[in-house]
Amino acid sequence: MFRGLSFAAVLRWLAMAANPEGYASLLRFLPGGAKAGAAFVEQSASAAARPSMAASPAQMLATGRDLRLDLFRGLALWLIFLDHIPNNVVNYFTLRNYGFSDATEIFIFISGYTAAFVYGRAMRERGFIISSARILRRAWQIYVAHIFLFTIFMAEIAYVAATFSNPLYAEEMNILGFLKQPDVTIFQALILKFKPVNMDVLPLYIVLLLLFPPMLRVLLWQPAYALMGAAVVYVLALHFDINFPAYPNGVWVFNPFAWQLLFVFGAWCAVGGAQWLSGLLRSRIVFGLAIMYLLFALFITLTWHFEWLGTFVPNWLGAMIYPIDKTNLDVLRFAHFLALAAITVRFVSRDWRGLESPILRPAILCGQHSLEIFCLGVFLAFAGQFIISQWSGGVLVQTGISIAGILVMIATASLISWYKGMEGRSHQQRAKASPGNLAGGEA
Amino acid sequence: MKFITAVAAVFTLTIGPASAADECEVPQSFIASDVVLARVMKEIKANHRLNISVIGTGSSTLPGPDGASFAYPARLQDALKQLLPGNEIKVVAHVQSRQTTAEMAAQLTAILAADKPALVVWQAGTFDAVRGIEPEEFSASLVAGVETIVKTGADVDLLNMQYSPHTEALLNVSAYADVMQWVAQEHGTLLFNRLAIMRYWNDQGTFDLYTATKTSDMARRVHNCLGRALAYQIVNAAHLTP
């Protein structure tokens with residue numbers, strides 16, 4: 001718990017240690033720091049030479065869309081698809097086997113970033129009511145998509161229950177108990193309490209969006225307050241064990257009160273936090289720390305797969321880090337994501353030419369239509385798993401299904417892109433200007 | 001993992017009579033451990049007897065009136081008698097379906113007092129996953145139980161879930177398996193990795209665990225092999241040469 005509490009203190013300290021110039025802009029993003037920051041800027045000639053740092057959060061939104069977001073969200077969608085097919089050899093190559101965090105962190109962070117980017121501009125140009133309505137409409141779309149997926153899932157499960165039986169698995173088949181009470185189960189699914197395995201991300205996203213309008217308002221007014229508020233909620237949720245209840249038992253797999261921190265952090269980066277962080281990210285100390293942390297995480301993760309390596313992990317260290325809690329976005333996972341992000345932005349700059357290359361185009365396309373492709377991925381994972389279980393798929397079948405799934409995702413994203421392009425053009429012909437254009441992407 | 005499996009397969013071991021040897025093949029790496037079952041070793045060497053309590057839920061037995069006699073606890077007793085001839089071996093199974101680990105932990109004191117076991121094989125996790133018990137809560141119950149057992153001087157062997165490919169999309173057991181691995185590692189107890197062993201058998205084609213069947217034939221063969229592998233693991237960890 002105490003690790004979360006000192007979040008702001010750590011930020012201040014890191015900024016000071018790594019980059020005294022950047023500290024001025026950091027102060028702007030921390031509560032009560034605006035005045036101190038201004039004073040610091042006056043003293044620092046080099047800081048004054050960077051006017052962008054002093055720009056208001058609303059101004060920061062005006063810049064164009066960052067293709068890196070689409071690229072990494074697209075890659076995250078592929079990884080989520082692969083991770084959702086159990087017993088798949090291709091899984092051994094996904095992110096989660098090499099560190100604490102996985103594609104979920106990337107997806108939620110980028111979703112927060114894009115939400116602030118798209119709706120922040122809407123809020124500035126059209127006001128609180130209109131932008132809030134848009135955010136809520138988006139939440140509704142995601143809800144409908146989730147229920148659609150649930151229906152497909154129920155069909156598959158009902159089929160398995162009707163056709164599969166084996167005395168060896170009498171205990172495991174208890175999980176199908178919910179089929180005996182469709183009235184309760186379907187209602188619980190509609191209120192998002194009953195969520196089958198691997199269908200936890202969209203409900204999280206829905207809750208995050210429902211709470212986003214007031215949060216965005218604060219982000220545009222005082223970004224630091226929003227971030228601090230999110231951190232406080234995170235710490236309180238962990239301390240008092242607050243989470244949404246699930247049906248028939250337990251709590252949500254992704255605790256919205258914990259994961260909102262990553263979402264708001266993404267949004268904070270979009271309204272100017274990223275520019276501020278750029279100073280920190282250029283520092284060699286941060287780079288070194290990030291590399292060291294990633295190596296540490298890699299080693300710990302490898303001990304899960306190679307038990308003999310576990311003997312090198314002293315008991316006190318194990319007691320300190322375990323369990324690495326995904327439900328409550330463990331600090332170790334969050335830190336791992338930050339380290340990955342720090343290294344990524346160092347090597348992949350915003351104007352990197354590779355972003356235009358045809359090789360990365362498929363991932364970018366998928367990232368630009370994330371809701372559709374995410375849902376498709378969940379469906380394809382169901383279908384893939386079904387095929388593997390019906391035909392006792394070997395390594396070749398598993399690899400084939402993985403590749404085919406990603407190809408279907410790319411083809412669908414291309415189709416949506418083409419269709420939206422067509423529609424966009426006809427819209428433009430009708431009303432020449434189209435305010436609030438999403439620059440090829442969506443929140 | 002598959003890579004290790006493949007490498008480990010080269011160093012496989014076989015146990016028991018030659019006729020059933022091939023079917024129950026398990027890679028040494030799944031059985032080997034640095035943990036020493038000191039109490040088991042002492043009981044056999046000093047008193048030539050061994051009392052084992054198996055505590056578990058539905059997956060520690062088989063359906064039907066004679067199911068228990070074909071389930072792994074009974075097979076474990078037979079296999080140990082073969083491996084350790086001249087010793088008095090008694091395996092008592094306390095198996096009840098639909099129990100969470102917290103419920104099992106609550107009964108431990110009574111079971112330990114009645115059986116006075118040198119070793120407790122504790123199968124857990126499946127029903128917790130079915131019920132959606134939080135992994136943290138599962139971990140706390142497991143730790144409390146392990147500490148209760150260790151206090152009586154008995155050794156512990158934690159036994160994790162079955163590999164069940166058909167329910168994988170519904171029932172995510174990996175978080176619970178991770179907890180069991182950490183608890184075993186932290187408390188220096190043995191872990192029988194049923195999940196990995198059954199997955200290995202499935203991958204090797206020894207048992208096609210995707211098969212839908214109403215008969216108990218395959219289930220009995222699987223339990224027989226589990227009992228034998230468990231016996232081998234215990235003998236190995238107690239440094240007793242069969």
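Residues numbered from 1 in each chain as written. Chains lettered and ligands numbered in written order. Predicted model: local features only at pLDDT ≥ 70, side-chain atom pairs only at ≥ 80, totals over all residues.

1. Structural notes on the overall build of chain B
Within chain B one finds 11 helices and seven strands. Rg of the C-alpha trace for chain B: 17 Å, near the compact-globule value of 18 Å for 242 residues, within the 12% margin. Taking the principal axes of its C-alpha atoms as reference, chain B extends roughly 45 × 45 × 40 Å. When the 242 residues of chain B are sorted by exposure, 52% land in the buried category. (Helix = DSSP H or I, 4+ residues; strand = E, 2+ residues; numbered from the N terminus. Rg over C-alpha atoms; globule rule 2.2 N^0.38 Å. Buried ≥ 20, exposed ≤ 12 C-beta atoms within 10 Å, placed from the backbone.)

2. Here's the deal with the overall build of chain A
Across its full length, chain A carries 20 helices and zero strands. Within chain A, buried positions represent 44% of all 443 residues. Taking the contacts inside chain A whose residues are at least 6 apart along the sequence as the reference set, 77% of them involve residues at least 24 apart. (Contact = placed C-beta atoms within 7 Å.)

3. Quick notes on the interface of chain A and chain B
Listed by partner, the interface residues are 37 residues for chain A and 42 residues for chain B. Residue assignment for the side of chain A that touches chain B shows that the elements contributing at least two residues are helix 9 (128-163), helix 16 (315-321) and helix 19 (370-390) of chain A. Residue classes in the side of chain A that touches chain B are distributed as 21 nonpolar, 14 polar and two charged. (Nonpolar A, V, L, I, M, F, W, Y, C, P; charged D, E, K, R; others polar.)

4. Thoughts on the sheet that holds strand 5 (residues 119-123) of chain B
Residue and element names in this part refer to chain B. In spatial order, the strands read 4-3-5-6-7; together these five strands make up an open sheet with parallel pairing. The strands lining the two open edges of the sheet, one partner per strand, are strand 4 (88-95) and strand 7 (190-192). Sheet twist, expressed as the average angle between the axes of neighbouring strands with direction ignored, equals 20°. Two elements, strand 6 (residues 155-159) and strand 7, share three bridges in a ladder whose sense is parallel. When the sheet's bridge partners are listed, Leu 159 is paired in strand 7 with Phe 192. Its contacts with the sheet put helix 3 (residues 38-47) on strand 3 (49-56), strand 5 and strand 6, and the angle it makes with strand 3 is roughly 145°. (Pairing = 2+ DSSP bridges. Axes fitted to C-alpha atoms, helices over the stretch in contact; angles between N-to-C directions.)

5. Quick word on the confidence of the model for chain A
Residues and elements named next belong to chain A. Considering every residue of chain A, the mean pLDDT works out to 82; 81% of them sit at 70 or more. Between residues 1-62, whose pLDDT stays under 50, and residues either more than four places distant or in other chains, the model counts 87 contacts. Here residues 433-441 is modelled with pLDDT under 50, and outside its nearest four sequence neighbours on either side it reaches 15 contacts, counting other chains as well. (pLDDT = per-residue confidence, 0-100.)

6. A closer look at the packing of helix 7 (residues 67-83) of chain A against helix 18 (residues 361-368) of chain A
Residue and element names in this part refer to chain A. Packing of helix 7 against helix 18 leaves a shortest axis separation of 6 Å and a crossing angle of 90°. Viewed along their axes, helix 7 and helix 18 adopt a mutual orientation that is roughly perpendicular. Note on element contacts: helix 18 touches helix 7 through Ala 363, Ile 364, Leu 365, Cys 366, Gly 367 and Gln 368, opposite Leu 67, Leu 69, Asp 70, Leu 71, Arg 73, Gly 74, Leu 75 and Leu 77. Counted by class, the contact of helix 7 with helix 18 contains nine nonpolar, three polar and two charged residues. (Parallel < 35°, antiparallel > 145°, perpendicular 65-115°, else oblique.)

7. Side note on helix 12 (residues 212-221) of chain A
Residue and element names in this part refer to chain A. Of the residues making up helix 12, those classed as buried are Phe 212, Met 215, Leu 216, Leu 219 and Leu 220. Around the axis of helix 12, the buried residues are gathered within 135° of arc, so they sit on the same side. In helix 12, the exposed positions that point more than 90 degrees away from the buried face belong to Pro 214 and Trp 221. (Arc of directions from axis to C-beta.)

8. Things to note about the nonpolar core
Formed by 189 residues in total, the largest nonpolar core has its most connected members in A:Ala116, A:Leu261, A:Val264, A:Ala267, B:Leu158, B:Met180 and B:Ile234. In terms of residue count, the dominant contributor to this core is helix 14 (residues 256-282) of chain A (17 residues). Ignoring sequence-local partners within four residues, the contact set of A:Ala267 consists of A:Gly112, A:Tyr113, A:Ala115, A:Ala116, A:Leu216 and A:Leu219. (Core = buried A, V, L, I, M, F, W, Y, C linked by C-beta atoms within 7 Å.)

9. Topic: unusual backbone geometry
Residue and element names in this part refer to chain A. Of note in the backbone geometry, Leu 329 takes a positive phi value of approximately 45° without being a glycine. Within the element layout of this structure, Leu 329 appears in the loop between helix 16 and helix 17 (331-347). On the neighbour-count criterion, Leu 329 (25 C-beta atoms within 10 Å) is buried.

10. Some words on the environment of A:Trp308
Tracing the backbone shows A:Trp308 in the loop between helix 15 (284-305) and helix 16. Along the sequence, A:Trp308 and A:Ala158 sit 150 residues apart, while their C-alpha atoms lie 42 Å from each other.

11. Digging into the environment of A:Leu176
Residue and element names in this part refer to chain A. Within the fold, Leu 176 resides in the loop between helix 9 and helix 10 (182-190). Between the C-alpha atom of Leu 176 and that of Ala 161, which follows or precedes it by 15 residues, the distance is 7.0 Å. Not counting chain neighbours up to four residues away, the residues in contact with Leu 176 comprise Ile 157 and Ala 161.

12. Looking at the pairing of strand 3 of chain B
Residue and element names in this part refer to chain B. A large share of strand 3 lies buried, amounting to six of its eight residues. The pairing of strand 3 with strand 5 spans four bridges and is parallel. Bridged to Ser 53 within strand 5 is Val 120.

13. Here we look at the confidence of the model for chain B
Residues and elements named next belong to chain B. Mean pLDDT over chain B: 89, with 90% of residues reaching 70 or higher. The low-confidence segment residues 1-20, where pLDDT is below 50, has 29 contacts with residues more than four positions distant or belonging to other chains. At the level of chain-chain contacts, confidence expressed as ipTM amounts to 0.86, with global pTM at 0.76.

14. Describing the packing of helix 8 (residues 103-126) of chain A against helix 12 of chain A
Residue and element names in this part refer to chain A. At a minimum axis separation of 10 Å, helix 8 and helix 12 run at an interaxial angle of 75°. Classified by the interaxial angle, the pair formed by helix 8 and helix 12 is roughly perpendicular. Residues Ala 115, Ala 116, Tyr 119, Gly 120, Met 123 and Arg 124 of helix 8 lie in contact with helix 12, whose contacting residues are Phe 212, Leu 216, Leu 219 and Leu 220. Classifying every residue of the contact of helix 8 with helix 12 by side-chain character gives eight nonpolar, one polar and one charged.

15. Some points on the environment of B:Leu171
Tracing the sequence through the fold places B:Leu171 in the loop between strand 6 and helix 9 (174-187). Spatially, the C-alpha atoms of B:Leu171 and B:Lys116 are 35 Å apart, while their sequence positions differ by 55 residues. In contact with B:Leu171, not counting residues within four places along its chain, are A:Glu172, A:Ile175, B:Ala129 and B:Val130.

16. What about helix 11 (residues 201-210) of chain A?
Residue and element names in this part refer to chain A. Within helix 11, nine of the 10 residues are buried, which leaves the element mostly enclosed by the surrounding structure. For helix 11, the full list of buried residues reads Val 201, Leu 202, Pro 203, Leu 204, Tyr 205, Ile 206, Val 207, Leu 208 and Leu 209. Where the residues of helix 11 are buried, they touch helix 8, helix 9, helix 12 and helix 14.

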